[in-house]
Amino acid sequence: MRLRSMVVVGAAVLALTAVTGCGSDEGGGGTGAAADGDGQSAGSGGRLRDAEPPGRPSAGTVADIETFVSQRTTCTDLHVEDKDYDDEDDPGAESTGKLWGIKERAVCYDASHNGITLMSVNDMKSFQTQAAKRGPAGYLVGKDFAVTGGPETRANLKDSGLLSLICDPETRIPSGYTKEKGLVDDCTLTDFIS
């Protein structure tokens, strides 16, 4: 008899937990916690609208960058390339070293065999300074790395958390997009990726 009572009490507790844990996803006036516009309640692990946006992604090594990029687009035939072959004679060209603040640089290829450059950056201010001097290059920037590639790559990385580095004050960023001041004058980081 005692065991049967415990089972009944346990079933009642489970039933009450299930009922009170359920909320309505419809605007029908459920009695659960207040829900945000995505049907997530403050207590259900959902993200509230006024919560801080997540930080930019971080990738400490080229292998980490490759994994990050490969989850969103094609990145095959990865090889280390300290400087592009076309820029071998240009001392200011994008390359590993103190000038650009690039710790390691590698190249892989998308499905159309266009190059994607992966850069582990240990000095983002130096990187942005040199990028501003170079002019538009389509850099997408994380916390400690940068990626550049063609239109297909940029489109595939659009919702990845990377921000586009724009160092041309004439470039207009449409309303509704993030506009974050870069580390150097006239540079802006934005989620507007075209």
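What you see is a predicted model; the values in this text were computed from it and never measured. (Residues numbered from 1 in each chain as written. Predicted model: local features only at pLDDT ≥ 70, side-chain atom pairs only at ≥ 80, totals over all residues. Heavy atoms only, no water.)

1. Quick word on the sheet that holds strand S3 (residues 115-121)
Across the sheet, 8 strands lie side by side as S1-S2-S3-S5-S4-S6-S8-S7; this open sheet has antiparallel pairing. Looking at which strands have only one partner, the edges of the open sheet turn out to be strand S1 (76-80) and strand S7 (180-181). Pairing of S1 with strand S2 (residues 102-109) involves 3 bridges; the strand directions are antiparallel. The residue of S2 that forms the bridge with Thr-76 is Tyr-109. With respect to the sheet, helix H2 (residues 62-70) is in contact with S1, S2, S3 and strand S5 (145-148), its orientation differing from that of S3 by roughly 135°. (Pairing = 2+ DSSP bridges. Helix = DSSP H or I, 4+ residues; strand = E, 2+ residues; numbered from the N terminus. Contact = heavy atoms within 4.5 Å. Axes fitted to C-alpha atoms, helices over the stretch in contact; angles between N-to-C directions.)

2. Remarks on H2
For H2, every residue scored as buried is listed here: Val-62, Ile-65, Phe-68 and Val-69. Looking down the long axis of H2, one finds its buried residues gathered within 120° of arc, a one-sided arrangement. Where the residues of H2 are buried, they touch S1, S2, S3 and S5. (Buried < 20%, exposed > 50% of the residue type's maximum accessible area, 1.4 Å probe, protein only. Arc of directions from axis to C-beta.)

3. Quick look at the pairing of strand S6 (residues 163-166)
Two strands pair when backbone bridges link them, and strand S4 (residues 140-141) and S6 are joined in this way by 2 bridges, in the antiparallel orientation. Bridge assignment links Leu-140 to a residue of S6, and that residue is Ser-164. Inspection of the sheet shows S6 paired to strand S8 (residues 188-190) by 3 bridges, in the antiparallel sense. Bridged to Ser-164 within S8 is Thr-190.

4. Quick notes on helix H3 (residues 124-134)
Among the residues of H3, Met-124, Ser-126, Phe-127, Gln-128, Gln-130 and Ala-131 are the ones counted as buried. Looking at the buried residues of H3, the elements they touch are S2, S3, S4, S5, S6 and S8. Two residues or fewer past H3, Gly-135 is found with a positive phi of approximately 100°.

5. Description of the environment of Arg-134
Relative to the elements of secondary structure, Arg-134 occurs in helix H3. Assessed through its relative accessible area of 43%, Arg-134 is described here as partly exposed. Along the sequence, Arg-134 and Gly-92 sit 42 residues apart, while their C-alpha atoms lie 8.6 Å from each other. With near-sequence residues (within four places) excluded, Arg-134 lies in contact with Glu-94, Trp-100 and Tyr-139.

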